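# Coordinate analysis (summary)
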Amino acid sequence: MKLRSYFYILAISLIAIFGLIIYDNVDSLSWTTIALFTIIVLVLIYLIFFYQKVVRPLQNISNGMDLLREQDFSS
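Bear in mind that the values here come from a model prediction, so they are computed numbers and not experimental data. (Residues numbered from 1 in each chain as written. Predicted model: local features only at pLDDT ≥ 70, side-chain atom pairs only at ≥ 80, totals over all residues. Heavy atoms only, no water.)

## With respect to the environment of isoleucine 21
Position of isoleucine 21 among the secondary structure elements: in helix H1 (residues 3-24). A relative accessible area of 13% means that isoleucine 21 is categorised as buried. Between the C-alpha atoms of isoleucine 21 and threonine 33, which are twelve residues apart in sequence, the distance is 7.5 Å. With residues near it in sequence (within four places) discarded, isoleucine 21 still touches Thr33, Leu36, Phe37 and Ile40. (Helix = DSSP H or I, 4+ residues; strand = E, 2+ residues; numbered from the N terminus. Buried < 20%, exposed > 50% of the residue type's maximum accessible area, 1.4 Å probe, protein only. Contact = heavy atoms within 4.5 Å.)

## Quick notes on the pattern of salt bridges
Per the counting criterion, the structure on display carries one salt bridge. A salt bridge links arginine 69 to aspartate 66; its shortest N-O distance comes to 2.8 Å. Here the residue arginine 69 and the residue aspartate 66 both occupy positions in helix H2 (residues 31-69), the gap between them amounting to three residues, near one helical turn. Its relative accessible area of 59% is what places arginine 69 among the exposed residues. (Salt bridge = Lys/Arg side-chain N within 4 Å of Asp/Glu carboxyl O.)

## Quick word on the packing of H1 against H2
Running from N to C, H1 and H2 cross one another at 165°; their axes reach a closest spacing of 10 Å. Taken together, H1 and H2 sit at an angle that is classed as roughly antiparallel. By crossing handedness, the relation of H1 to H2 is classed as left-handed. (Axes fitted to C-alpha atoms, helices over the stretch in contact; angles between N-to-C directions. Parallel < 35°, antiparallel > 145°, perpendicular 65-115°, else oblique. Left-handed = near helix turned anticlockwise from the far one by under 90°.)

## Notes on the nonpolar core
In this structure, Phe7, Ala11, Leu14, Leu47, Tyr51 and Val55 together form the largest nonpolar core, which totals six residues. Counting only elements with at least two residues in this core, the list comes to H1 and H2. Filtering out sequence-adjacent residues up to four positions away, leucine 47 remains in contact with Phe7, Leu10, Ala11 and Leu14. (Core = buried A, V, L, I, M, F, W, Y, C linked by side-chain atoms within 4.5 Å.)

## Re H2
Helical periodicity: at 3.6 residues per turn, an α-helix aligns residues three or four positions apart in one direction. Its 39 residues place the ends of H2 55 Å apart at the C-alpha level, agreeing with the 57 Å of an ideal helix rising 1.5 Å per residue. Where H2 bends most, the angle comes to about 40°, and this point is tyrosine 51. Buried residues belonging to H2 abut H1. Positive backbone phi, approximately 60°, marks glutamine 71, located one or two places after H2. (Expected span 1.5 Å × (residues − 1). Bend = angle between axes of the 7 residues up to and from the residue.)

Now the structure itself:
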């Protein structure tokens, strides 16, 4: 499985956990619920940063390796 797939799995699981916490604690918002919301939002922001800085350049390198494998030296 590629790194991009792992990124999507992690992002979807965090969003699912976020939804479950919201669904479970709609009636009473305690400080622990707010802390969990904050942590999950910060992790999602970090994942966006991670994707832009790591996954996208790795995709460019992979595409370049594919072109070299096909002996397309014009790019």
